[in-house]
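In case you want the letters, here they are:
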Amino acid sequence: MAFHFEKNEPPPWVSPEDWQSWQWQMQHSLRRLEDFAQYFDLSPEEIQGFSGLDRIFQVRTTPYYARLAAHGGRGLSQDPIRRILMPQARELELGTQQMLDPLGERKNSPHSRIVHRYPDRVLFLLTDFCSVYCRYCTRKHFTGQDQAFVRSKDYLQALEYIAQSPGVREVILSGGDPLTLSDAKLKGVMEDLRAIDHVEIIRIGSRIPVVNPMRMTNELLQTLRPYHPIFMMTHFNHPREITFEAAESLKRMVDHGFPVMNQMVLLNGVNNHPALVQALNRRLLYLRVKPYYMFQCDPSLGTDHLRTSVEESEAIQRELWGRLSGLAMSSLSLDIPDGGGKVTLVPDFEIKEHRQPGRRAYRGWDGVEAEYVNPDPSDRQEPADAHFYLKEWEQIVTSRQKMSEKA
Ligand code: SF4
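It should be emphasised that the depicted structure is a prediction, and the values quoted were computed from it without experimental measurement.

Trainee: Can you help me understand the nonpolar core in this one?
Mentor: For soluble globular proteins, nonpolar side chains are generally found buried alongside one another. Counting 76 residues, the largest nonpolar core has Tyr65, Leu85, Val122 and Phe124 as its most contacted members. Top contributing element to this core by residue count: helix H5 (residues 63-71), with 5 residues. Each of domain 1 (16-92) and domain 2 (106-344) contributes no fewer than three residues to this core.

Have a look at this one:
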């Protein structure tokens, strides 16, 4: 089926030229209750959410994304996209688990703008600014604090840390949203990272293609492409977010040689249904975007009303398993709170009571049962050339440990 992606048309009081300008979208972002009241008929719970802003998390969205929430939902009172961007009174309640830093990033932060949790990659937090402040954000300890682009001293220290960590093969530019920075700033960052020989992959994590897709200009992509391989990690949560404008921005990225992968978060009342996940993932795949992660929502402050239970998330993944092409499947992943790292939640198809030494029994997604019998262990053979690759593997394994010793 060829998908049709609808245009997100401007409201009557905005000219089409302004609407298509990503700078106009940034400059006219909605921040205050009065701004939102122009687009939405606010409920008492939402108005109460605004009143407690200083206790929770900044509010901001582009007019483009607000319009999508207000007018794209076919008149639904509980619009899924509205739940992502609109503050709620529920955010002020004490939930079942409330963490300011659920990923334990601060304790894995050797410098103010670096998070080094896994040996072969680091997060480089270029800015704390985003075009939208998603109510479920996991980085409320950092995001939206009006610190903007990293100060020169912190930037140089972060670069030095990466340069001194030969096991670091990937740098994930994050924040905040790195694509809110100017083309010139991004070019400078790319040049600096590409001057470090052991940095193989650069990833850019961004919600810009969702909330201000006009930002993904040919000029920006031409500025970045000399520094390939750069992976674009988008963050679409709902099929309706893939508008005509967003689809065009994804096509431009792929056409400029950027592998694009999508990370979604399973959210209560937003996308917690297998029909919605498949709709999102198949549309993304059609646009040559690989659905990568489906995250369990972290227990960040004020997110109880947005989180799904682990059981519900697993049930959704199980429903999709086998029915959806492997290309369209994302990995269901949960971050162990307090910085325990990611675990992938995979449906368990083993029939445990039939397990025997050297054999396992499975019942597949549609009920077919069979045994898998191991080969004779005496046949095991080490690859003859494994030692050629041991040095680089050792470098990765010991990278984080060496840096902790230095600190
Ligand atoms: S764009 Fe990302 S970092 Fe910014 S508020 Fe949303 S989830 Fe948080």
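Moving on, there is more to tell.
Trainee: How should the sheet that holds strand E1 (residues 114-118) be read in this particular structure?
Mentor: The strands making up a sheet are joined through hydrogen bonds of the backbone, oriented either antiparallel or parallel. Read across the open sheet, the 9 strands follow the order E1-E2-E3-E4-E5-E6-E7-E8-E9; overall the sheet is mixed. The open sheet is flanked by E1 and strand E9 (341-344), the only strands paired with a single partner. Averaged over neighbouring strand pairs, the angle between their axes works out to 25° when direction is ignored. Pairing of strand E8 (residues 331-336) with E9, which is carried by 4 bridges, proceeds in the antiparallel orientation. Note that in E9 the partner of isoleucine 336 across the bridge is glycine 341.

Trainee: I keep staring at the environment of aspartate 338 and nothing clicks. Help me out?
Mentor: Take aspartate 338: it is sitting in the loop between E8 and E9. Along the chain, aspartate 338 and glutamine 164 lie 174 residues apart, while their C-alpha atoms are 27 Å from each other.

Trainee: Help me understand the domain arrangement of the protein chain in this model?
Mentor: Note on interface size: it is often stated as the accessible area lost on association of the parts. The assigned domain composition of the protein chain is domain 1 (16-92), domain 2 (106-344) and domain 3 (348-407). Relative placement of domain 1 and domain 2: their C-alpha centres are 22 Å apart. Each side of the interface is counted separately: domain 1 has 28 residues, and domain 2 has 26 residues. Listed by contribution, the elements that provide at least two residues to the side of domain 1 that touches domain 2 are helix H2 (22-27), H5 and helix H6 (80-85). A per-element tally of the side of domain 1 that touches domain 2 places H6 first, with 5 residues. Class assignment of the residues belonging to the side of domain 1 that touches domain 2 gives a composition of 14 nonpolar, 10 polar and 4 charged.

The rules behind each value
- Residues numbered from 1 in each chain as written.
- Predicted model: local features only at pLDDT ≥ 70, side-chain atom pairs only at ≥ 80, totals over all residues.
- Core = buried A, V, L, I, M, F, W, Y, C linked by C-beta atoms within 7 Å.
- Buried ≥ 20, exposed ≤ 12 C-beta atoms within 10 Å, placed from the backbone.
- Helix = DSSP H or I, 4+ residues; strand = E, 2+ residues; numbered from the N terminus.
- Domains from an automatic or database assignment.
- Pairing = 2+ DSSP bridges.
- Axes fitted to C-alpha atoms, helices over the stretch in contact; angles between N-to-C directions.
- Contact = placed C-beta atoms within 7 Å.
- Nonpolar A, V, L, I, M, F, W, Y, C, P; charged D, E, K, R; others polar.

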